[in-house]
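Results of the structural survey
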Number of protein chains: 2
Amino acid sequence: MAAKIETSRILKEPKSLREVLLDKGLAGLGDMYVNFVYSLALSRKFERPIGAKVNNRILAEAVKRSGLRKMLPRRIDRHAQGDAAEALIVFAWLQEAMSFEDCLKVIGEGDDPTDAFTELLREIGKRLGATYE
Amino acid sequence: MAAKIETSRILKEPKSLREVLLDKGLAGLGDMYVNFVYSLALSRKFERPIGAKVNNRILAEAVKRSGLRKMLPRRIDRHAQGDAAEALIVFAWLQEAMSFEDCLKVIGEGDDPTDAFTELLREIGKRLGATYE
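The structure contained in this document is the topic of the report that follows.

Cut-off values and rules
- Residues numbered from 1 in each chain as written.
- Chains lettered and ligands numbered in written order.
- Predicted model: local features only at pLDDT ≥ 70, side-chain atom pairs only at ≥ 80, totals over all residues.
- Heavy atoms only, no water.
- Phe/Tyr/Trp six-rings, centres within 6.5 Å; stacked < 30°, edge-to-face > 60°.
- Salt bridge = Lys/Arg side-chain N within 4 Å of Asp/Glu carboxyl O.
- Helix = DSSP H or I, 4+ residues; strand = E, 2+ residues; numbered from the N terminus.
- Buried < 20%, exposed > 50% of the residue type's maximum accessible area, 1.4 Å probe, protein only.
- Contact = heavy atoms within 4.5 Å.
- Buried area = accessible area lost by both parts, 1.4 Å probe.
- Polar contact = N/O pair within 3.5 Å; in protein donor to acceptor, adjacent residues only side chain to side chain.
- Nonpolar A, V, L, I, M, F, W, Y, C, P; charged D, E, K, R; others polar.

**Regarding the packing of aromatic side chains**
- Counting across every chain of the model gives 13 aromatic pairs over all chains.
- Here a set of aromatic residues connected by ring pairs shows up, and it is made of Tyr33, Phe36, Trp93 and Phe100 of chain A together with Tyr33, Phe36, Trp93 and Phe100 of chain B.

This is the structure we're talking about:
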């Protein structure tokens, strides 16, 4: 999907992982991306259309459990931790490291969204060749 | 994209256009869909990641200009008009009447989002074989 819809111009220069995590523009686009994928995953699971926003607490906990927290400045609140997760998830999509379909699949697995987002952040880290530890 | 990610189970029964427009579940999922497509259209236009929500005033005006307003109950506020637009837009995607890519293209055209959403609603009406008048 990313190639077909020409997202390549959106990211003009290579960014370090840390820059990605703190990029407010990526966090903004990522917010919309993550909420849509999450809503679609729930809609498929419950077989009816559902709109839902991912709670920041879930994203912050996933950031912690996945090890990504260590990449972030010490003094960073829950909101900024959620932003970092959203930035990374949409960055992985724009870079074609994780397709929309793969993202949807991981988010839709299991019954605990915190587990699912933890797994998603770990998988993205692997695919980007990053170690969070 | 719709076929690949198996959205067919989300809509289990055929709905009349009027039912679609007043469906709160579709409006919820549609809200997430529309905001993501709109953010991606802006990101492509300005060549940097942007997260933005579509203003209800824009959607309500597009509902009016496209003729869709006539399909809705008389006593319906701006918020519900926006919901109707979002429900219809994501319904068209789930039904594979309008692909994500086509939707993105129409929304990204021109400089006036109201014009773009008006055109989108008209085009969806045509593709669904509906006349709003």
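**Here we look at the pattern of salt bridges**
- Across all of its chains, the model carries 17 salt bridges over all chains by this definition.
- Across the salt bridge formed by arginine 65 of chain A and glutamate 61 of chain A, the nearest N and O atoms sit 3.2 Å from each other. Placement of both arginine 65 of chain A and glutamate 61 of chain A in helix α3 (residues 56-66) is noted, with a separation of four residues, approximately one turn of the helix.
- We classify arginine 65 of chain A as partly exposed; its relative accessible area is 38%.
- Looking at glutamate 61 of chain A, the relative accessible area reads 29%, which means it is partly exposed.
- When the shortest N-O distance is used, the salt bridge between aspartate 23 of chain B and lysine 15 of chain B registers 3.1 Å.
- Assessed through its relative accessible area of 16%, aspartate 23 of chain B is described here as buried.
- Connected through salt bridges with shared partners, the residues Asp102, Glu123, Lys126 and Arg127 of chain A form a single ionic network.

**Side note on the interface of chain A and chain B**
- Between chain A and chain B, the residue contacts involve 32 residues of the former and 32 residues of the latter.
- Here chain A packs against chain B, burying approximately 2,900 Å² in sum over the two surfaces, 71% of which is carbon and sulfur.
- Its largest share of buried area at the contact with chain B, chain A owes to Met32, Phe36 and Pro49 of chain A, together 23% of the area lost on that side.
- For the interface between chain A and chain B, the tally reads two salt bridges.
- The partner of arginine 9 of chain B in a salt bridge is glutamate 47 of chain A, and the shortest N-O contact between them spans 3.4 Å.
- Our count for the contact surface shared by chain A and chain B stands at four residue pairs in polar contact (both at pLDDT 80 or more).
- Per-element accounting of the side of chain A that touches chain B gives the leading share, 12 residues, to helix α2 (residues 24-46) of chain A.
- The residue makeup of the side of chain A that touches chain B, split by class, is 15 nonpolar, seven polar and 10 charged.

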